[in-house]
Amino acid sequence: MPMNPADLLLQLKKNPFVLAPMAGITDHSFRTLMRELDSSVVVSELISANGIEYDNQKTLEMMGFDEVQRPVAIQLFGDDAEILARAAQVVEAKNVDFIDLNFGCPVPKVTKKGAGSAMLKDLVTFEKVLRAVVKSVKIPVTIKIRTGWDHNSKNSVEVCNIAYNEGITWVAIHGRTRSQNYEGLADWDY
């Protein structure tokens, strides 16, 4: 049974350590291990909304979890608001505690389609995606972002304001731009 959003926030106040979603790493076994090591919340690896839309068996299997992982979230990515909203409904039906949307992935196979951190370059679509997903489910929706696409287009403050206005429960910020990938110092100067 999904956790009440207020209880989820209390859990985070007691223990702020959340297992960050990582493609190819935060699989079922790793999430269970991290809960045993006292991570307060665990999030799945990146799950394609298109894979859910087209009933891809591997994608659907990646969403599996056990009760011992609670509170648990499934992280979705995609570039189409309607497909993401339908995928969110599928995820909600699995009784997860919340849905996390990925706007931080810098990998070309994700960004070349306009998903992941590429969405930070198109805030009109970003806003439509948030609105569609939040309206489609009853459970909390969170997002993961970067500080911006590159050093010249850092917009995390604007992104957070849009997220707040669209009813996003919380925002996790990877402190680098997309162009920094996973290297270098965090890029917080504005």
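This text follows the structure it describes.
Parameters and conventions
- Residues numbered from 1 in each chain as written.
- Predicted model: local features only at pLDDT ≥ 70, side-chain atom pairs only at ≥ 80, totals over all residues.
- Heavy atoms only, no water.
- Salt bridge = Lys/Arg side-chain N within 4 Å of Asp/Glu carboxyl O.
- Helix = DSSP H or I, 4+ residues; strand = E, 2+ residues; numbered from the N terminus.
- Buried < 20%, exposed > 50% of the residue type's maximum accessible area, 1.4 Å probe, protein only.
- Arc of directions from axis to C-beta.
- Contact = heavy atoms within 4.5 Å.
- Patch = residues over 30% accessible without salt bridge, like charges linked within 9 Å, V, L, I, M, F, W, Y side chains within 5 Å.
- Areas by Shrake-Rupley, 256 points an atom, 1.4 Å probe, with all protein chains shown as cover.
- Lys, Arg positive; Asp, Glu negative; His and termini not counted.
- Charge placed at Lys NZ, Arg CZ, Asp CG, Glu CD.
- Phe/Tyr/Trp six-rings, centres within 6.5 Å; stacked < 30°, edge-to-face > 60°.
- Lys NZ or Arg CZ within 6 Å of the ring centre and 35° of its normal.

Caption draft 1: Focus on the pattern of salt bridges. With the rule as written, the count across this model stands at 5 salt bridges. Salt-bridge contacts for glutamate 53 lead to arginine 86; the nearest nitrogen and oxygen are separated by 2.8 Å. Taken together, the residues glutamate 53 in helix α3 (residues 49–53) and arginine 86 in helix α5 (residues 81–93) connect sequence positions 33 residues apart. Measuring nitrogen to oxygen at the nearest pair gives 3.1 Å for the salt bridge that ties arginine 70 to aspartate 97. Here arginine 70 is found in the loop between α4 (57–62) and β3 (72–77), whereas its partner aspartate 97 is found in the loop between α5 and β4 (98–103), with 27 residues between them in sequence. You can call aspartate 97 buried: its relative accessible area is 0%.

Caption draft 2: Quick look at helix α2 (residues 28–36). Within the sequence span of α2, burial applies to Arg31, Thr32, Met34 and Arg35. Summarising the axial view, the buried residues of α2 lie within an arc of 165°, below the 170-degree limit, and thus occupy one face. Across from the buried face of α2, at angles greater than 90 degrees, the exposed residues are Ser29 and Glu36. Where α2 is buried, its residues meet α1 (5–14), β1 (18–19), β2 (41–48), α4 and β3.

Caption draft 3: Expanded view of a positive patch on the surface. Residues Lys58, Lys109, Lys112 and Lys113 make up a contiguous surface patch of positive charge. Along the polypeptide, lysine 109 turns up in helix α6 (residues 108–111).

Caption draft 4: Region of the structure containing the environment of lysine 58. Relative to the assigned elements, lysine 58 resides in helix α4. Relative accessible area serves as the criterion here: at 61%, lysine 58 is assigned to the exposed category. C-alpha separation for the pair lysine 58 and isoleucine 47, spaced 11 residues apart in sequence, amounts to 10.0 Å.

Caption draft 5: Seen up close, the packing of aromatic side chains. Applying the stated criterion to the full structure yields 2 aromatic pairs. Between the aromatic rings of phenylalanine 103 and phenylalanine 126, the centroid separation amounts to 4.9 Å while the plane-to-plane angle is 75°, which identifies the pairing as edge-to-face. One end of the pair, phenylalanine 103, is in strand β4; the other, phenylalanine 126, is in helix α7 (residues 123–136), with 23 residues separating them in the sequence. Across this residue pair, the class does not change: phenylalanine 103 and phenylalanine 126 are buried. The ring centre of tryptophan 149 lies 4.1 Å from the NZ or CZ of lysine 121, which sits over that ring.

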